[in-house]
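# Descriptive structure summary
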Amino acid sequence: MCGIVAYLGQKRALPILLEGLKRLEYRGYDSAGVSLYKDGEVLTSKTKGRISELEKLTSKNKTDATMGIGHTRWATHGKPNEINSHPHTDFSNKITLVHNGIIENYTTLKKWLVSKGVEFKSDTDSEVIVNLIGYLYSGYDSDCEIPDTQDKFEWAVQRALNKLIGSYGLAIICSDYPDSIICARKGSPLILGVGDNEYIIASDASAIVEHTKQAIYLSDNEMAIINRDGFKTLTIDNIEITKDLKDIEFSLEEIELSSYDHYMLKEIFEQPEALERCFGGRVQLGESKIVLGGITDMARKLTRAKKIIITGCGTAWHAGLIGEYMLEQLARIPTEVEYASEFRYRNPIIEDGTVVIAVSQSGETADTLAAIEMAKERGAIVLGLVNVVGSTISRMTDAGIYLRVGPEIGVASTKAFTAQVAVLAMLAIELGRRRHLSNLEAASLLKELDSIPDKTRSILKQSEHIKTIAEENYEQNNWLFMGRGFNYPTALEGALKLKEISYIHAEGLAAAEMKHGPIALITNGTPAVFIATLGSHYEKIISNIEEVRARGGKTIVIATEGDENIKAFADHLISIPDVPDSLQPLLAVVPLQLLAYHSALLRGLDVDKPRNLAKSVTVE
Ligand code: M6R
C-alpha cells in the first residue's frame with residue numbers, strides 16, 4: 001500500500017514522477033504529492049485525492065528540475081488530507097522523504113523527538129522518520145561521530161534506519177545534496193531502475209518499465225545511494241554489497257488499458273491467454289504429465305509430504321481453499337488452509353514432512369510474508385505460488401511456481417485467482433499421478449485442464465447477457481452466493497468480488513449452511529447466486545435453490561451447458577461448459593467476476609480503485 005517513485009536523470013522529473021505515480025495508483029489513492037529539487041531548494045506539492053488532483057495542482061509548474069520524489073497514499077496513520085500526505089519534510093527543512101510501510105515504534109520515537117524540541121506537523125508515522133534523520137543530520141546526536149569515510153546525509157539516514165522498528169520503502173533527498181537520492185527498504189518493496197544516465201526508483205516495476213528494463217531489487221535492510229555519476233548498494237549497517245541487475249520481464253503494453261475501459265475488464269478477458277501461458281510447457285498431454293520447473297528439486301519431498309498447509313489472504317486464500325479440496329481429493333495429502341493473518345499468530349503444528357504453500361498475486365502481502373517467516377523458522381519447506389516475478393515472496397520461499405499471467409492492476413483480483421487455482425490443480429494432479437491416480441485418470445484430467453482456456457473464451461461471450469442480469473439486480477443491497485464442494489470457495493470469491501467493487505453486502509456460503517442461519521436474510525427479491533453445475537452436489541443444491549425460491553429470493557444460477565432441468569429453478573441462468581467437479585471453479589468464477597464488474601459499473605463506481613482498498617496490502 002502506498003506507492004513511491006523517485007527520479008534522478010537528465011529529463012524533467014515532474015512528468016516522469018506523475019506518470020510513475022499513475023502506474024502505482026492502484027497501491028493507494030487517497031492523497032498524493034511530489035517534491036522536486038532545484039538549485040538548493042525543494043519544492044513540494046501535495047493534495048488530498050487522486051493523482052489527477054496532483055496533476056491539476058502541478059499543471060502550472062514548469063520547473064526543469066531533474067530530480068524528485070513522489071508518493072501516492074493509502075492512509076494508515078492520520079486521515080487522508082494534505083498535511084498527512086507525502087512527501088514529508090523535517091523540522092530543519094533540509095530532509096524530505098516518501099515512505100511506504102508502517103513504523104511500529106513511532107510513538108516512542110516521536111515522544112523522544114518532541115522532548116528534544118522537535119515540532120511535528122502531521123499525524124503520520126512517516127514524519128517521525130524524516131524528523132529523526134533531520135535531528136541526526138543537524139548534529140544533535142553528539143554521542144556518535146560521523147566516520148571519515150561517510151558523508152553526513154548517508155550517515156544520518158543509516159543511523160536513523162537502525163532505530164526504526166517496522167517496515168519501510170523510502171526515497172530520501174536532502175537540500176544540501178543536489179544530486180543524490182537515498183533509498184532503503186525493509187518489508188516494503190523497492191526497485192531501482194537503472195537507465196542511460198538516469199535512475200528511477202519505485203515500489204514496483206510498472207513505474208520503471210517505460211524508462212528501462214534493467215533493475216536492482218533491494219532486499220530487506222538494504223539501501224542504495226544514487227548520484228549522477230553512479231550508485232552504490234549497501235546494507236543499512238554500512239556494508240557495501242554487489243547486487244545483480246535483473247531484467248524486468250513484462251512490457252509496457254501489458255500494463256496499458258488498450259481498448260478496455262477498465263483494468264478489471266481487461267484482466268477478466270485476458271484469462272484464456274493468461275491460462276494458456278500458465279499451462280504452457282507445463283501440461284504435457286503427450287506424456288500425460290505435468291512439469292513444474294520451479295519445484296523439480298523438491299518434487300520428492302512434496303510427493304512424500306505428510307501434511308500441506310496453504311496460506312494466503314483474500315482471493316488468494318479462496319484459491320487456497322480450492323487447493324485444499326484438490327490436494328485431498330486428487331493427491332490424498334492431508335491439507336489445511338489458513339489465513340496468513342491468523343496463521344502467523346497461532347502456534348501451528350509444523351512437523352517433519354509439513355510443506356507450506358504460500359499463495360499471493362503480488363508476492364508482497366505483509367501477513368503472508370510473516371506467515372512464511374514463521375513457517376521457515378519452524379523448519380517447514382515453503383513453496384510460493386506467486387505472480388510478480390522477483391517479488392519478496394518469490395525470493396524468500398524455498399521453491400516456487402510463477403502464475404505467469406502478467407501484471408494484474410485492477411484492485412479486484414481476477415486472472416491471478418484463476419491462475420492460482422490452475423497452478424494448484426496442476427500440482428494436485430501431478431502429485432496425485434505420482435502417488436495413486438491411475439494414468440488414465442491423470443491423462444483425462446490433463447485433457448480437461450488443457451480445455452479450460454477455450455471454455456473460458458466461450459463464457460466471456462456472455463458478458464452482455466450477464467450485464468442484463470446485473471441491470472435487474474444491482475440496486476439490491478444484500479446478495480448471497482452459494483456453492484457446494486469445490487464451488488463453495490468459488491461462492492466466497494464471487495461474494496468478495498461483488499462487495500469489494502460494488503459496495504453491496506454479499507455473503508458467500510456453503511449452500512447447505514444457509515438453513516443454519518443465513519436463510520433469515522432472504523426476503524422478496526434477494527439475489528441468490530447459485531453455482532449448480534452438474535456433478536456430485538447437483539441434486540443437493542437444487543434443494544437449496546428450492547428453499548430460497550420458497551422464500552421469495554431471486555435465483556441467479558450458474559449451470560452446466562445443456563442442462564434443461566435447471567431452467568425451472570432459475571430466474572436468471574448462466575451456462576458454462578462441462579468439466580469435472582475439481583476444475584469447475586476455474587470456469588464458474590468467470591461469470592461471477594463479470595456480474596460484479598457490471599453491477600459496480602451500473603452503480604457508477606470506479607471498479608479499478610474501490611474505496612478504502614489497495615492492491616497489495618503491505619501493512620499488517
Ligand atoms: O497479492 P496477494 O494475492 O497476496 O493479495 C491478497 C489479497 O489482498 C487480495 O487477494 C485481495 O483480497 C483482492 N483485492 C481481492 O480481489
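On a predicted model such as this, the values are computed, not experimentally measured, just so you know.

Take the overall build of the protein chain next. Counting its secondary structure elements, the protein chain contains 18 helices and 27 strands. In terms of overall size, the protein chain behaves like a compact globule, its C-alpha atoms giving a radius of gyration of 26 Å where 620 residues would be expected to give roughly 25 Å. Based on the C-alpha atoms only, the size of the protein chain along its principal axes is roughly 80 × 50 × 45 Å. The buried share of the protein chain, reckoned over its 620 residues, is 61%. Intrachain contacts of the protein chain at a sequence separation of at least 6 include 72% that bridge at least 24 residues. As displayed, the protein chain offers around 23,600 Å² of accessible surface, 47% of which is attributable to carbon and sulfur atoms. Each charge class in the protein chain can be summarised by its mean position, and for the 67 positive and 83 negative side chains these summaries are 2 Å apart.

Structurally, E25 is set in the loop between α1 (13-24) and β2 (31-38). Beyond its immediate stretch of four places on either side in the chain, E25 contacts R50, I51, T72 and K609.

In total, this model carries 34 salt bridges according to the counting rule given. The salt bridge involving K22 is made with E55; its shortest N-O contact spans 2.9 Å. Of the two residues, K22 sits in helix α1 while E55 sits in helix α2 (residues 51-58), which places them 33 residues apart along the sequence. You can call K22 partly exposed: its relative accessible area is 34%.

This paragraph deals with the packing of aromatic side chains. Inspection of every chain in the model, using the stated rule, returns seven aromatic pairs. Judged by centre distance (5.2 Å) and plane angle (40°), the ring pair of F153 and Y177 falls under tilted. Separated by 24 residues along the polypeptide, F153 in helix α5 (residues 152-161) and Y177 in the loop between β7 (168-174) and β8 (180-186) bring together distant segments of the chain. Neither residue differs from the other here; F153 and Y177 are each classed as buried. Taking 4.1 Å as the distance between ring centres and 15° as the angle between the ring planes, the aromatic pair formed by W317 and Y339 counts as stacked. On the criterion of sequence distance, the pair formed by W317 in helix α9 (residues 314-331) and Y339 in strand β19 (residues 335-339) is long-range, its members being 22 residues apart.

Next up on the list: empty space enclosed by the protein. Following the criterion strictly, the structure yields three cavities of 30 Å³ or more and no others. Roughly 100 Å³ of volume is contained in the largest cavity. Taken together, 15 residues line the largest cavity, and the ones lying closest to its centre are R484, N487, T533, H537 and Q584. Split into classes, the residues belonging to the lining of the largest cavity amount to six nonpolar, seven polar and two charged. Considered as a void within the structure, the second largest cavity measures approximately 70 Å³ in volume. If you go around the second largest cavity, the residues you meet are C2, R73, W74, A75, T76, H77, H86, H99, G101, T124, D125 and S126. Grouping the amino acids of the lining of the second largest cavity by side-chain chemistry returns three nonpolar, seven polar and two charged.

The topology assignment puts G525 in the loop between β24 (505-510) and β25 (527-531). Residues G525 and K46, 479 residues apart in the sequence, show an inter-C-alpha distance of 46 Å. Among residues more than four places away in sequence, those in contact with G525 are Q476, G552, G553 and K554.

Glancing now at the site of the ligand. Within the structure, the ligand sits among 15 residues, and S360, Q361, S362, T365 and E500 are positioned closest to it. At 2.6 Å, a side-chain N or O of S362 approaches an oxygen atom of the ligand. Contact between the ligand and T365: an oxygen atom at 2.4 Å from a side-chain N or O atom of the residue. Its free accessible area being 420 Å², the ligand has 91% of it covered by the protein chains. Counting residues per element, the ones that place at least two in the shell around the ligand are α9 and α16 (487-502).

With that out of the way, let us pick up the sheet that holds strand β20 (residues 354-360). The five strands are arranged β19-β18-β20-β21-β22 in an open sheet whose pairing can be described as parallel. At either end of the open sheet lies a strand with only one pairing partner, and these are β19 and β22 (399-402). Taking each pair of neighbouring strands and ignoring which way they run, the sheet shows an average axis angle of 20°. Here strand β18 (residues 307-312) runs beside β20; their pairing, made up of five bridges, is parallel. Looking at the pairing, T311 lines up with A358 of β20. Relative to β19, α9 is tilted by about 170°, and along the sheet it contacts β18, β19 and β20. On top of the sheet, helix α13 (residues 415-435) reaches β18, β20, β21 (381-386) and β22; it is set at about 135° to β21, its chief contact.

Here the domain parsing of the protein chain yields domain 1 (3-248), domain 2 (256-450) and domain 3 (461-607). Here the C-alpha centroids of domain 2 and domain 3 sit 25 Å apart. Counting residues at the interface gives 29 residues for domain 2, matched by 26 residues for domain 3. Taken over both partners, the interface formed by domain 2 and domain 3 buries close to 2,300 Å², and the fraction arising from carbon and sulfur atoms is 76%. By the criterion of area lost to domain 3, the three top residues of domain 2 are M264, H318 and Y325, representing 22% of everything that side buries. Between the two partners, domain 2 and domain 3, sit zero salt bridges. Applying the counting rule to domain 2 against domain 3 returns six residue pairs in polar contact (both at pLDDT 80 or more). Of all the secondary structure elements, the ones that give two or more residues to the side of domain 2 that touches domain 3 are α6 (263-269), α9, α13 and α14 (439-460). If you tally residues by element for the side of domain 2 that touches domain 3, the top one is α9, at 10 residues.

The rules behind each value
- Residues numbered from 1 in each chain as written.
- Predicted model: local features only at pLDDT ≥ 70, side-chain atom pairs only at ≥ 80, totals over all residues.
- Heavy atoms only, no water.
- Helix = DSSP H or I, 4+ residues; strand = E, 2+ residues; numbered from the N terminus.
- Rg over C-alpha atoms; globule rule 2.2 N^0.38 Å.
- Buried < 20%, exposed > 50% of the residue type's maximum accessible area, 1.4 Å probe, protein only.
- Contact = heavy atoms within 4.5 Å.
- Areas by Shrake-Rupley, 256 points an atom, 1.4 Å probe, with all protein chains shown as cover.
- Lys, Arg positive; Asp, Glu negative; His and termini not counted.
- Charge placed at Lys NZ, Arg CZ, Asp CG, Glu CD.
- Salt bridge = Lys/Arg side-chain N within 4 Å of Asp/Glu carboxyl O.
- Phe/Tyr/Trp six-rings, centres within 6.5 Å; stacked < 30°, edge-to-face > 60°.
- 1 Å grid on protein atoms, 1.4 Å probe; cavity = no way out; pocket = protein on both sides within 12 Å on 5 of 7 lines; lining within 4 Å.
- Points joined across faces, edges and corners; volume = space filled by probe spheres on them.
- Nonpolar A, V, L, I, M, F, W, Y, C, P; charged D, E, K, R; others polar.
- Near = heavy atom within 4 Å.
- Polar contact = N/O pair within 3.5 Å; in protein donor to acceptor, adjacent residues only side chain to side chain.
- Pairing = 2+ DSSP bridges.
- Axes fitted to C-alpha atoms, helices over the stretch in contact; angles between N-to-C directions.
- Domains from an automatic or database assignment.
- Buried area = accessible area lost by both parts, 1.4 Å probe.

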